[in-house]
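If you want the building blocks of each chain, they are given just below.
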Amino acid sequence: MALHEILLQQLFNGLLIGSFYGLVAIGYSMVYGIIKLLNFAHGDIYMIGAFCGLIFLTIAAPVIGAGWPSLIVGLLISMTLVGLLGVVIQRVAYRPMLKAPRLSILITALAVSMILYNTVMILSAGRYRVFPAEVGTESFFIGTLRFTETRIILIVAAFTLMFILHMFITRTMYGKAMRAIALDRDTCQLMGIDVYKIIAITFFVGSALAAAAGIMAGVYYGTIHFFMGFLIGLKAFTAAVIGGIGIIPGAMLGGLLLGLLEAFGTQIPFIGTVWKDVFSFAFLILFLIFKPNGLLGRAESERM
Amino acid sequence: MALLEIKDLTLRFGGLCAVNALSLEIEDGSIRSLIGPNGAGKTCVFNCLTGFYKPSEGEMLFQGTSLVNKKPHYITYLGLARTFQNLRLFKEMTVLENVMSGMHCRTNAAFLTTVLRTKGQKAEEKHIREVSEECLDFVGILDKKNYMARNLPYGDQRRVEWARALATQPKLLLLDEPAAGLNKDEKARLIKLMHRIRDERSITIFLIEHDMGLVMKISEKIFVIDYGVKIAEGTAQEVRDNPKVVEAYLGKEEEEESA
Amino acid sequence: MAETKIKRKVTDTIDSVIITLFRIFDNKVYRYTFLFAAAAFLIVLPNLSSRFTQEIMTNLFFYVVVCLGLNIIVGYAGLLHLGYAAFFAVGAYTTGILSSRMGMDFWLTIPFSVFAAVLAGLAIGFPTLRLRGDYLAIVTLGFGEITRLTIRNLDITGGAVGLIGIQRPVLFGITLNQISHFYYMFFILAILAIFVSYRLHDSRMGRSWEYIREDEDAAAAMGINVTTSRLYAFVIGSSFGAVAGSFFAAKMTAISPDSFMFIHSVMFLMAVVLGGMGKIPGVVLGCIIVVLIPEISRDIGQYRLLIFAVMLLIIMLYRPQGIWPDRPTISAKE
Ligand SMILES: Nc1ncnc2c1ncn2[C@@H]1O[C@H](COP(=O)(O)OP(=O)(O)OP(=O)(O)O)[C@@H](O)[C@H]1O
Ligand SMILES: [Mg+2]
């Protein structure tokens, strides 16, 4: 293949991986934006989403098959269930901690993450599981570029979800309430906004999107694993920071950028796949140090 | 030369101009007040002086040294101490420990001397304790030194803040609304205390205060700001008679009519 | 309702027992008698017990050293560190490389290992300690992963296989190669770690960390350099980890990247938080829980982490000061 073809192929791969990152990053960013919590458990929510999809497909396959229609139903059901799981976690673990010191709520989030992934580890016996989706593997060519139907559908689905979320945030009162709560929770409460309801909705939406990303990753990679949330959790956080944490379009942008960066990064001979993750983490650290407010964020002056 | 000199100090938050081209001087050994309606930008001036906010423009000279772009801890080290408008005590620590924090910048025990507990380190710890107790005695709450700070009544918590600021051994003391929430007796004692701080310890005092009676009684000179702009300066009498000041506090007459 | 009442009663009873113990311990005679008795018991223990018990106890002492180091960062300075295993790895690999590849004497490698940890601590801490607190958690997590992946992929560290042939330390002409030797070595290290932790806690430096934890702005206004103070905690804590790592390498004679995973960082953190961060007896108690529970019942095996995670959550929700209670305070009413 010629160089520009390799680059085009990587562009497509980068966008696809990047849209997974973006979907997970949105949840990080929304939660951070509204209650300033770095939700360590978010990567595990993504993993739970994938397992939810697996369970649904296993049950549904004999009845309605495991093709696209059944995947879509599974996606919607899993998104709802995992969204509710997010709300429950929020209610049980985070809400009592909203006034506690920052360190405590961070450790709480870590505990939730450990509980989620250890539970799945025990239930799945710690093994890789084949994701039982039966989707087309036919590929077609545009010029010499190879595309598979699956990848195209996945990328369209991811962008559709992002678009729906964007509409939800910009066209409903919810988005406004969320921004208001981010600014001053106590005043919002006094103004009669149901703060806890808005926080719960935030967790629902964030978790549902992560679950969707998890299922898509299952379809894309073919296998899933209880530890799959750890790495993507870190990367999605990176994406959220790149875009400016708390800013939702920033999370999408950050996810896509990070996906592209990785796709092209692996093409650099010295980095390769071995150093890919080191490269991402180093990038994260440097980014945090030199541009902590992200690409779309503004420097804030903390009130005394 | 003035102890503190502020020239054209300006502080903006986005479109809001919290402090606008403010200039003033504080002479060594004086007691000066900064007054103004709510939200006038008084606390912002203190936050700039102590390095918590970065001024957008202007110069602040303390004994000829610029305070611009200096970190808060270094400014304290230079000899500028402050109290906070809403108390910022270390609530879960004892009163004595609270005051000992002020001695931090005047001492220097580091890792090795601490672990080996050298003679010098022990002497320093003793010194920290003695100075802190002396400061507590000065403000009159030495008997409560082992209480947890959060368990003290409000008036006493205020005094812990003063003792803590005194323990940094400042040359200039910035007090942000020291009389807020105090009763009549406590206010009278506060006035006495401020005079003692100035006379016995030769510390210059710059305070923000809403209680006009107290301000008029204590300060030789008053600065008035409104919307970040200095609108008057002078003795209590001069300020009281200044129509701009009256207007700032009571609102323009036309406005009142139209309202 | 009745349930919470019972719960309250149980915790109150535990607290009052421990607080009575505090009172007794305030008496110097009792305190030193107890400490001597405990020390004497631990000194004779290897003569009375099996190799297996000695292994567990050595592991416990090792945990005490590492967790007290982490406690300086998390408990004293209030910084969430999620990559502590990396500093432990820095120590272990410095000793490992110097010893197995260059034949350096074990004792000489320790200053290098501390130096490496200080450098790494400065490199990570200096630029990030000024950032928001929760960013530090991510940076340390990222650093932990970078370190692990790097030692996995470099030749000098032996890649995924790791290093073998790390030399045993020699002390007074005796080669330390028995489990009882390491038992005593880690025992001494643990005592040293406790000693240093106490001295740091009751000092100008220890107080400055407490001020910053309570109110960062007020601490700065009182003349405390917040960044420098935190950097001290970060570097001192990292050095503890590095020293423990060096001794770990000498005990194992072979190390591989598998000993320095994220999960190890989390286990250290759990020990610190469960017992009560910032409190030395609390951290020791946390180590006892984390090390001994899986040993008491082997069946726990795979549920071990889940159990600890649930405990961690319950502790954070209902008893953030940890299992070990805080000292009683004087209030104005008394
Ligand atoms: N960090 C900040 N970001 C944005 N605006 C700020 C910030 N700090 C202060 N302000 C604004 O600057 C203005 C001046 O505030 P400041 O606290 O200095 O008032 P003040 O004179 O001390 O009032 P008060 O008497 O109520 O204490 C206010 O409008 C306030 O909302
Ligand atoms: Mg004010």
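Residues numbered from 1 in each chain as written. Chains lettered and ligands numbered in written order. Predicted model: local features only at pLDDT ≥ 70, side-chain atom pairs only at ≥ 80, totals over all residues. Heavy atoms only, no water.

**So, the packing of aromatic side chains**
Heads up, the condition is: Two rings belonging to Phe, Tyr or Trp (six-membered ring only in the last case) form a pair when the distance between their centres is within 6.5 Å. Interplanar angles under 30 degrees mark stacking, angles over 60 mark edge-to-face geometry, and anything in between is tilted. Secondary structure elements follow DSSP: runs of H or I of four or more residues count as helices, runs of E of two or more count as strands, with numbering from the N terminus. In this scheme, a residue with accessible area under 20% of its type's maximum is buried, one over 50% is exposed, and one in between is partly exposed, where area comes from a 1.4 Å probe on protein chains only. Two conditions define a charge located above a ring, namely a distance within 6 Å from the ring centre to NZ of Lys or CZ of Arg, and an angle within 35 degrees of the ring normal.
For the structure shown, the criterion picks out 39 aromatic pairs over all chains. On the basis of an interplanar angle of 85° and a centroid distance of 6.4 Å, the ring pair of Phe206(B) and Phe223(B) is categorised as edge-to-face. Of this pair, Phe206(B) sits in strand S8 (residues 204-208) while Phe223(B) sits in strand S9 (residues 221-226), and the two are 17 residues apart along the sequence. Per residue, the accessibility class of Phe206(B) equals that of Phe223(B), and both read buried. An angle of 40° between the planes, with centres 5.4 Å apart, marks the rings of Phe87(C) and Phe143(C) as tilted. Note that Phe87(C) is positioned in helix H4 (residues 84-102) and Phe143(C) in helix H6 (residues 133-153), a separation of 56 residues in sequence. Accessibility expressed as a relative area gives 0% for Phe87(C), which makes it buried. Classification of Phe143(C) by relative accessible area gives buried; the value is 14%. Grouping aromatic residues by their ring pairs yields a cluster made of Phe62(C), Tyr63(C), Tyr84(C), Phe88(C), Tyr93(C), Phe106(C), Trp107(C), Phe186(C), Phe247(C), Phe248(C), Phe260(C) and Phe268(C). The ring of Phe138(B) carries Arg196(B) above its face, with NZ or CZ at 4.2 Å from the centroid. Just above the ring of Phe138(B) sits the side chain of Arg201(B); from NZ or CZ to the centre is 4.3 Å.

**Points about the sheet that holds strand S1 (residues 4-13) of chain B**
Residues and elements named next belong to chain B. Under the convention used in this document: Any two strands with at least two DSSP bridges between them are considered paired. Between two residues, a contact is recorded if the distance between any of their heavy atoms is within 4.5 Å. A fitted line through C-alpha atoms represents every axis, and for helices the fit uses only the stretch in contact; the resulting angles, taken between N-to-C directions, go from 0 to 180 degrees.
With respect to topology, 4 strands assemble into an open sheet ordered S2-S1-S4-S5, the strand pairing being antiparallel. Single-partner strands in this sheet number two, and they are strand S2 (16-26) and strand S5 (65-66). Note that S1 and strand S4 (residues 57-62) share 5 bridges and pair antiparallel. What sits directly across from Leu4, in S4, is Phe62. Of the strands in this sheet, S1, S2 and S4 are in contact with helix H1 (residues 42-49), which crosses S1 at around 110°.

**Details of the interface of chain C and chain B**
What counts, and what does not: Accessible surface is computed with a 1.4 Å probe, and the buried area is the amount of it that two parts give up when combined, taken over both parts together. We define a salt bridge as a contact between a side-chain nitrogen of Lys or Arg and a carboxyl oxygen of Asp or Glu at a distance within 4 Å. Whenever a nitrogen or oxygen atom comes within 3.5 Å of another N or O atom, the pair is scored as a polar contact, on the condition that within protein one atom can donate a hydrogen and the other can accept it, and that pairs from neighbouring residues in sequence are kept only if both atoms are in side chains. Side-chain classes follow a simple rule in which Ala, Val, Leu, Ile, Met, Phe, Trp, Tyr, Cys and Pro form the nonpolar group, Asp, Glu, Lys and Arg form the charged group, and the remainder, Gly included, forms the polar group.
Listed as interface residues are 30 residues of chain C and, on the opposing side, 39 residues of chain B. For the pair chain C and chain B, the two sides together bury roughly 3200 Å², of which 60% comes from carbon and sulfur. The tally of links from chain C across to chain B stands at 3 salt bridges. With its nearest N and O atoms 2.7 Å apart, the salt bridge here joins Asp215(C) to Arg88(B). The interface formed by chain C and chain B includes 14 residue pairs in polar contact (both at pLDDT 80 or more). A per-element tally of the side of chain C that touches chain B places helix H8 (residues 204-214) of chain C first, with 7 residues. Grouping the amino acids of the side of chain C that touches chain B by side-chain chemistry returns 15 nonpolar, 6 polar and 9 charged.

**Re the site of ligand 1**
The test is simple: Definition of nearness: a residue and a molecule or strand are near each other if at least one heavy atom of the residue lies within 4 Å of the molecule or strand. In short, Shrake-Rupley with a 1.4 Å probe defines the accessible areas, and a residue's cover is counted only from the protein chains shown.
Contacts to ligand 1 come from 16 residues, most closely from Gly39(B), Lys42(B), Thr43(B), Cys44(B) and Gln85(B). At the site occupied by ligand 1, nearby residues are drawn from chains A and B. Contacts to ligand 1 include Asn38(B), whose side-chain N or O atom sits 2.9 Å from an oxygen atom. Compared with its free state, where it exposes 640 Å², ligand 1 has 78% of that area covered by protein. Mapped by element, the contributors of at least two residues to the shell around ligand 1 are S2 and H1 of chain B. No other element matches H1(B), which puts 3 residues into the shell around ligand 1.

**Here we look at empty space enclosed by the protein**
If a probe the size of a water molecule is rolled over the atoms, the empty space left behind becomes visible. What counts, and what does not: For cavity detection a 1 Å grid was placed over the protein atoms alone, and a set of points counts as a cavity when a 1.4 Å probe fits there but cannot get out; an open set counts as a pocket when protein lies on both sides within 12 Å along at least five of seven lines, with lining residues being those that have an atom within 4 Å of a point. Grid points are joined across faces, edges and corners, and a volume is the space filled by probe spheres set on the points.
Taken as a whole, this structure holds 4 cavities of 30 Å³ or more when the rule is applied. One number sums up the size of the largest cavity: a volume of about 190 Å³. Every residue lining the largest cavity is counted, 16 residues in all, and those nearest its centre are Phe40(A), Asp44(A), Ser113(A), Phe230(A) and Phe262(C). Contributions of two or more residues to the lining of the largest cavity are made by helix H2 (42-64), helix H4 (102-123) and helix H9 (228-243) of chain A together with H6 of chain C.

**Quick word on the coordination of the magnesium ion (ligand 2)**
All names here are of chain B. Counted only if it meets this: Metal donors were taken as nitrogen, oxygen and sulfur atoms no farther than 2.8 Å from the ion, or 3.2 Å where the ion is Na, K or Ca. Water is excluded, so coordination may look unfinished.
Looking at the magnesium ion (ligand 2), the protein donor atoms are Thr43 (OG1) and Gln85 (OE1), and they sit 1.9 to 2.2 Å from it. Of this pair, Thr43 sits in helix H1 while Gln85 sits in the loop between strand S6 (80-82) and helix H3 (95-100); the two residues are 42 residues apart in sequence, bridging distant segments of the chain. For Thr43, a relative accessible area of 24% translates into the label partly exposed. Residue Gln85 is classed as partly exposed on the basis of its relative accessible area, which comes to 32%.

**Some remarks on the sheet that holds S8(B)**
Residue and element names in this part refer to chain B. Judged by pairing direction, the sheet is mixed, and its 6 strands sit side by side in the order S6-S7-S8-S3-S9-S10 without closing on themselves. Two strands lie at the open edges of the sheet, namely S6 and strand S10 (229-234), each paired on one side alone. Strand after strand, the sheet turns through a mean of 20° between neighbouring axes, direction not considered. The sheet contact formed by strand S3 (residues 31-35) and S9 spans 4 bridges and is parallel. Bridged to Arg32 within S9 is Lys221. The sheet strands contacting H1 are S3, S6, strand S7 (172-176), S8 and S9, and the helix crosses S8 at an angle near 140°.

**Some thoughts on the confidence of the model for chain B**
Residue and element names in this part refer to chain B. Note the threshold: Each residue carries a pLDDT value, the predictor's own confidence for that position, ranging from 0 to 100.
On average, residues of chain B score 89 in pLDDT, and 97% of them are at 70 or above. Under a pLDDT of 50 for its full length, residues 254-259 has, in the predicted model, 2 contacts with residues more than four places off or in other chains. Model confidence for the complex: the whole-complex pTM is 0.89, and ipTM, which rates the interface, is 0.91.

**Considerations on the packing of H4(A) against helix H13 (residues 304-318) of chain C**
Inclusion rule: Geometric relationships in this document are graded by angle, where less than 35 degrees denotes roughly parallel, more than 145 denotes roughly antiparallel, 65 to 115 denotes roughly perpendicular, and other angles denote oblique. Throughout, a crossing is termed right-handed when the near helix is turned clockwise from the far one, and left-handed when it is turned anticlockwise from it by less than a right angle.
Running from N to C, H4(A) and H13(C) cross one another at 150°; their axes reach a closest spacing of 8 Å. Here H4(A) lies roughly antiparallel to H13(C), going by the angle between them. Two packed elements cross with a definite hand, and for H4(A) against H13(C) that hand is left-handed. Seen from H4(A), the contacting residues are Ser104(A), Ile107(A), Thr108(A), Ala111(A), Val112(A), Met114(A), Ile115(A), Asn118(A), Thr119(A) and Ile122(A); seen from H13(C), they are Leu305(C), Leu306(C), Ala309(C), Val310(C), Leu312(C), Leu313(C) and Met316(C).

**Observations regarding the interface of chain C and chain A**
Contact with chain C, which involves 41 residues of that partner, is made by 43 residues of chain A. In total, chain C and chain A occlude about 3700 Å² of area from one another, counting both sides; carbon and sulfur atoms represent 82% of this. For chain C, the biggest contributors to the area lost against chain A are Asp134(C), Tyr135(C) and Ile138(C); these three give 18% of the whole. The interface formed by chain C and chain A contains 0 salt bridges. Run the count over chain C and chain A and you get 1 residue pair in polar contact (both at pLDDT 80 or more). When residues of the side of chain C that touches chain A are traced back to their parent elements, those giving at least two are helix H5 (106-128), H6, helix H11 (262-275) and H13 of chain C.

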